[in-house]
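Residues per chain, in single letters:
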Amino acid sequence: MDRHSRRLPMFLNLAQIRFPIGAIASIAHRVSGVLLFITLPVIALLLDASLRSEEVFALLRKLLSSPLCVVAATVPVWALVHHVLAGVRHLLMDVGVGSELARARASARVVLLAAPVVALLFLVWGLS
Amino acid sequence: MKLSIYRFDPESGKPPRMQAYEVRPEAGDKKLLDLLMRLRVQDDSLSFRRSCREGVCGSDAMNINGRNGLACLTALDGLKEPLVLRPLPGFPVIRDLIVDMTQFFAHYHSIKPWLINSEPLPERERLQSPAERERLDGLYECILCACCSAFCPSYWWNPDKFIGPSGLLQAYRFIADSRDTATAERLDFLDDVYRLYRCRTIMNCTEVCPKGLSPSHAIERIRLALLRRSS
Amino acid sequence: MRLFDGQRAWVIQRISALLLLVLIVLATLALPFAAPLDFSAWRDFAGGVLGGPLIALLFGALCAHAWVGMRDIVLDYVQPRGLRFFVLSLIAVVLLGVLVRVLLSLAAVALAA
Ligand code: HEM
Ligand code: HEM
Ligand code: SF4
Ligand code: SF4
Ligand code: FES
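Residues numbered from 1 in each chain as written. Chains lettered and ligands numbered in written order. Predicted model: local features only at pLDDT ≥ 70, side-chain atom pairs only at ≥ 80, totals over all residues. Heavy atoms only, no water.

## What to know about the interface of chain B and chain C
Facing 15 residues of chain B, the contacting portion of chain C comprises 15 residues. The closest approach of N and O atoms between B:R198 and C:D72, which form a salt bridge, is 2.4 Å. Where chain B packs against chain C, one counts 11 residue pairs in polar contact (both at pLDDT 80 or more). Ranked by residue count, the leading element in the side of chain B that touches chain C is helix α8 (residues 215–230) of chain B, at four residues. Residues belonging to the side of chain B that touches chain C are distributed by class as follows: six nonpolar, two polar and seven charged. (Contact = heavy atoms within 4.5 Å. Salt bridge = Lys/Arg side-chain N within 4 Å of Asp/Glu carboxyl O. Polar contact = N/O pair within 3.5 Å; in protein donor to acceptor, adjacent residues only side chain to side chain. Helix = DSSP H or I, 4+ residues; strand = E, 2+ residues; numbered from the N terminus. Nonpolar A, V, L, I, M, F, W, Y, C, P; charged D, E, K, R; others polar.)

## Notes on the site of ligand 3
Surveying the vicinity of ligand 3 reveals the residues B:C142, B:I143, B:L144, B:C145, B:A146, B:C147, B:C148, B:S166, B:C209, B:P210, B:K211 and B:P215. Of the residues that constitute the shell around ligand 3, the class distribution is 10 nonpolar, one polar and one charged. (Near = heavy atom within 4 Å.)

## A look at helix α6 (residues 183–190) of chain B
All names here are of chain B. Buried residues of α6: R186, L187 and L190, and no others. Looking straight down α6, one finds its buried side chains confined to an arc of 95°; they lie on one side. Elements that come into contact with the buried residues of α6 comprise α5 (164–175) and α8. (Buried < 20%, exposed > 50% of the residue type's maximum accessible area, 1.4 Å probe, protein only. Arc of directions from axis to C-beta.)

## Here's the deal with the coordination of the iron atom of ligand 2
Coordination of the iron atom of ligand 2 by the protein comes from A:H83 (NE2) and C:H65 (NE2), over a distance range of 1.9 to 2.0 Å. With six donor atoms in place around the iron atom of ligand 2 and angles of 87 to 179° between them, the coordination shape is octahedral. Of this pair, A:H83 sits in helix α4 (residues 67–94) while C:H65 sits in helix α3 (residues 51–77), each in a different chain. Grouping residues by exposure puts A:H83 and C:H65 together as buried. (Donors = N, O, S within 2.8 Å, 3.2 Å for Na, K, Ca; no water. Tetrahedral: all angles 85-135°; square planar, octahedral: opposite > 155°, others 65-115°.)

## Points about the domain arrangement of chain B
All names here are of chain B. Its domain assignment divides chain B into domain 1 (2–99) and domain 2 (102–230). Using only C-alpha atoms to locate each centre, domain 1 and domain 2 end up separated by 29 Å. If you look at the interface, domain 1 gives 16 residues, while domain 2 gives 14 residues. Counting the surface lost from both domain 1 and domain 2, the interface buries some 1,100 Å², and carbon and sulfur atoms represent 65% of this. Summed over the shared surface of domain 1 and domain 2, the result is one salt bridge. Here E207 and R67 are joined by a salt bridge, their closest N and O atoms 3.0 Å apart. In this structure, the connection of domain 1 to domain 2 is made through four residue pairs in polar contact (both at pLDDT 80 or more). Counting residues per element, the ones that place at least two in the side of domain 1 that touches domain 2 are β3 (61–64) and β4 (67–70). (Domains from an automatic or database assignment. Buried area = accessible area lost by both parts, 1.4 Å probe.)

## Some thoughts on the site of ligand 4
Residues and elements named next belong to chain B. Neighbouring residues of ligand 4: C152, S154, P165, C199, R200, T201, I202, M203, N204, C205, S216 and I219. Of all the elements in the fold, those that place two or more residues in the shell around ligand 4 are α7 (204–208) and α8. Of the residues assigned to the shell around ligand 4, the class counts are seven nonpolar, four polar and one charged.

## What to know about the state of the cysteines
Residues and elements named next belong to chain B. Applying the stated rule across the entire model yields zero disulfides over all chains. The structure places no disulfide on C147, whose sulfur is separated from the nearest cysteine sulfur, that of C145, by 3.7 Å. Residue class for C147 comes out buried when judged on its relative accessible area of 0%. (Disulfide = S-S within 2.5 Å.)

## Some words on the side chain of B:R198
As for its position among the elements, B:R198 is in the loop between α6 and α7. Polar side-chain contacts of B:R198 include one of 2.4 Å to the side chain of C:D72. Setting aside anything within four residues of it in sequence, one finds B:R198 in contact with B:S154, B:N158, B:F162, B:V193, C:R71, C:D72, C:L75 and C:D76.

## Quick notes on the packing of α8(B) against helix α1 (residues 6–30) of chain C
It is at 11 Å that the axes of α8(B) and α1(C) come closest, and there the two elements cross at 95°. On the basis of the axis angle, α8(B) is roughly perpendicular to α1(C). Where α8(B) abuts α1(C), its residues B:R223, B:L226, B:L227 and B:S230 lie against C:Q7, C:W10 and C:V11. Across the contact of α8(B) with α1(C), the residue classes tally to four nonpolar, two polar and one charged. (Axes fitted to C-alpha atoms, helices over the stretch in contact; angles between N-to-C directions. Parallel < 35°, antiparallel > 145°, perpendicular 65-115°, else oblique.)

## With respect to the nonpolar core
Residues B:L3, B:I5, B:L36, B:L85, B:F91 and B:I222 are the most contacted members of the largest nonpolar core, which totals 72 residues. Ranked by residue count, the leading element in this core is α5(B), at six residues. Formed jointly, this core draws a minimum of three residues from each of two domains, domain 1 (2–99) and domain 2 (102–230) of chain B. When sequence neighbours within four positions are dropped, the list of residues in contact with B:F91 reads A:P9, A:M10, A:F11, B:V99, B:D100, B:M101, B:F104, B:A146, B:A150 and B:Y155. Formed by 27 residues, the second largest nonpolar core is a distinct cluster that contains C:L20, C:F39, C:C63 and C:V102. (Core = buried A, V, L, I, M, F, W, Y, C linked by side-chain atoms within 4.5 Å.)

## Topic: helix α2 (residues 21–50) of chain A
For α2(A), with 30 residues, the first-to-last C-alpha span of 41 Å sits near the 44 Å given by 1.5 Å per residue. Along its length, α2(A) reaches its greatest deviation from straightness, about 30°, at A:T39, and the proline A:P41 lies no more than four positions downstream. (Expected span 1.5 Å × (residues − 1). Bend = angle between axes of the 7 residues up to and from the residue.)

## Digging into the packing of α1(C) against α3(C)
All names here are of chain C. Two elements in contact, α1 and α3, have axes separated by 9 Å at closest approach and are oriented at 140°. Classified by the angle between their axes, α1 and α3 sit oblique to one another. Where α1 crosses over α3, the handedness of that crossing is left-handed. Across the interface between the two elements, A9, I12, Q13, S16, A17, L19, L20 and L23 of α1 pack against L54, L57, L58, A61, L62, A64, H65, V68, G69, R71 and D72 of α3. Partitioned by chemical class, the residues of the contact of α1 with α3 number 13 nonpolar, four polar and two charged. (Left-handed = near helix turned anticlockwise from the far one by under 90°.)

## A few points about the pattern of salt bridges
Side chains that differ in charge, positive against negative, can pair when their charged atoms come close. Across all of its chains, the model carries 25 salt bridges over all chains by this definition. Linking B:R179 and B:D177 is a salt bridge whose minimum nitrogen-to-oxygen distance equals 2.8 Å. C:R71 is the salt-bridge partner of C:D72, the closest N and O atoms lying 3.1 Å from each other. The burial state of C:D72 is the same as that of C:R71; both residues are buried. What emerges from the salt-bridge pattern is a single network uniting A:R30, B:R198, B:R200, C:R71, C:D72 and C:D76.

Now the structure itself:
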């Protein structure tokens, strides 16, 4: 059967599949997890540098509050907020809270909307 | 009504293509399957499975406008045109809308879908209280149509190793059965990164089940049963 | 005994997630009450008996959590065995690097204090 199947075509064009809201929240959780993973080394290096000396600390502080850095940081901020909110949703659903379809759809919508709003608030606050 | 249907002929040696159709529904045509039967009169090379025409046999699952469903249970009213029909995603296509279900059924068999009971046979049947019987509601109704597994991203990526929502719902159906004494063995079998733990609670399965079942809920119960056992 | 079974990784991910959640929420709540951070206060915190272990715990949980999560993603999308091994090793190196870097900085501050 295997030899036979390998020559058969398969329909799996993701652009032609209509994804429910839960699937979108889920892939965003995955994307945000990877983004946070990529941010981790940066955070570790920043932590290390900030503890070294008074001068480096002051320099980092100035650098990090520059508009360019604030704009760049909006992406990891979105990622963290989405990941944490979607993570809490997961943990609750794991123990059966809100795991019926209607409520799972509603919570997916809330998470997907809340994260960009918080990221935007961060951007406004950081630039002001 | 305008349709666009996935066509594949293994004998032609040509890749799959989309073919446009147009049919006029007659009075009494309520479901998508009625329309497909009419189409077949127009073009008898068009292939799809069907049998019961009432959501019992599970044979006419397909991807309808981007979502999996049974043609016989999908109302024509409210379907967006052109209606796009494709075979179940992630399954090898044998011809047109007909897919190879070998692997799907192999997963079903792997969970031992029968009662296992090592206790001596009673005089007559094994009895169940109404409450015990009720625990099988939402589980025994599964018709193995594969709408759920073919809509599950985790199943798309690991169809050979992840049992998939349908098989896991069936697995829980036997775990939940008071007459089955093999719960420990069943849980042992499922405790695996691939078999059970590929599920990411996306809930695509529950979104599309034409019988209104919730495989994601069954999976949640299996995980909790495993947790209870090891704590 | 099965060391790396399915449930263990799943449980590690949930426990580390809960830990991270608590630490992140605490940190966020503490933020408005903290005085504007200056270098010596920050150093005292990171080198202290409370801050040091807390930061170490945060990064420990972070690395365990990210390992299981990234491993799950690799198990889905990276199927060829050789490539999978390479990507998993890369992830492990990054996470171990992060953990070692943070622990070393904390130790340096604690020892200097
Ligand atoms: C940093 C040290 C580690 C390295 C380098 C490592 C490496 C690997 C590699 C190469 C695989 C094989 C994947 C495959 O081909 O199937 C694997 C699988 C796995 N690892 Fe690890 N691992 C490490 C730590 C851990 C830890 C701490 C856990 C538990 C939380 C874990 C849980 C697993 C599981 C559950 C699998 C899947 C086994 C399977 O495929 O059946 N690993 N790991
Ligand atoms: C800040 C650093 C973090 C990193 C780098 C990270 C990374 C990841 C990654 C890569 C995944 C895998 C995603 C997937 O399989 O699709 C994941 C899953 C998960 N994360 Fe995080 N995460 C972080 C923080 C958190 C926090 C604070 C929570 C708290 C709620 C959390 C909760 C979860 C949960 C519950 C899952 C499992 C979801 C599932 O089974 O599909 N994470 N994380
Ligand atoms: S759970 Fe629902 S969608 Fe899945 S095979 Fe059974 S009836 Fe079909
Ligand atoms: S809940 Fe699990 S089984 Fe259902 S579609 Fe999602 S990943 Fe697949
Ligand atoms: S024809 Fe039997 S389920 Fe649709």
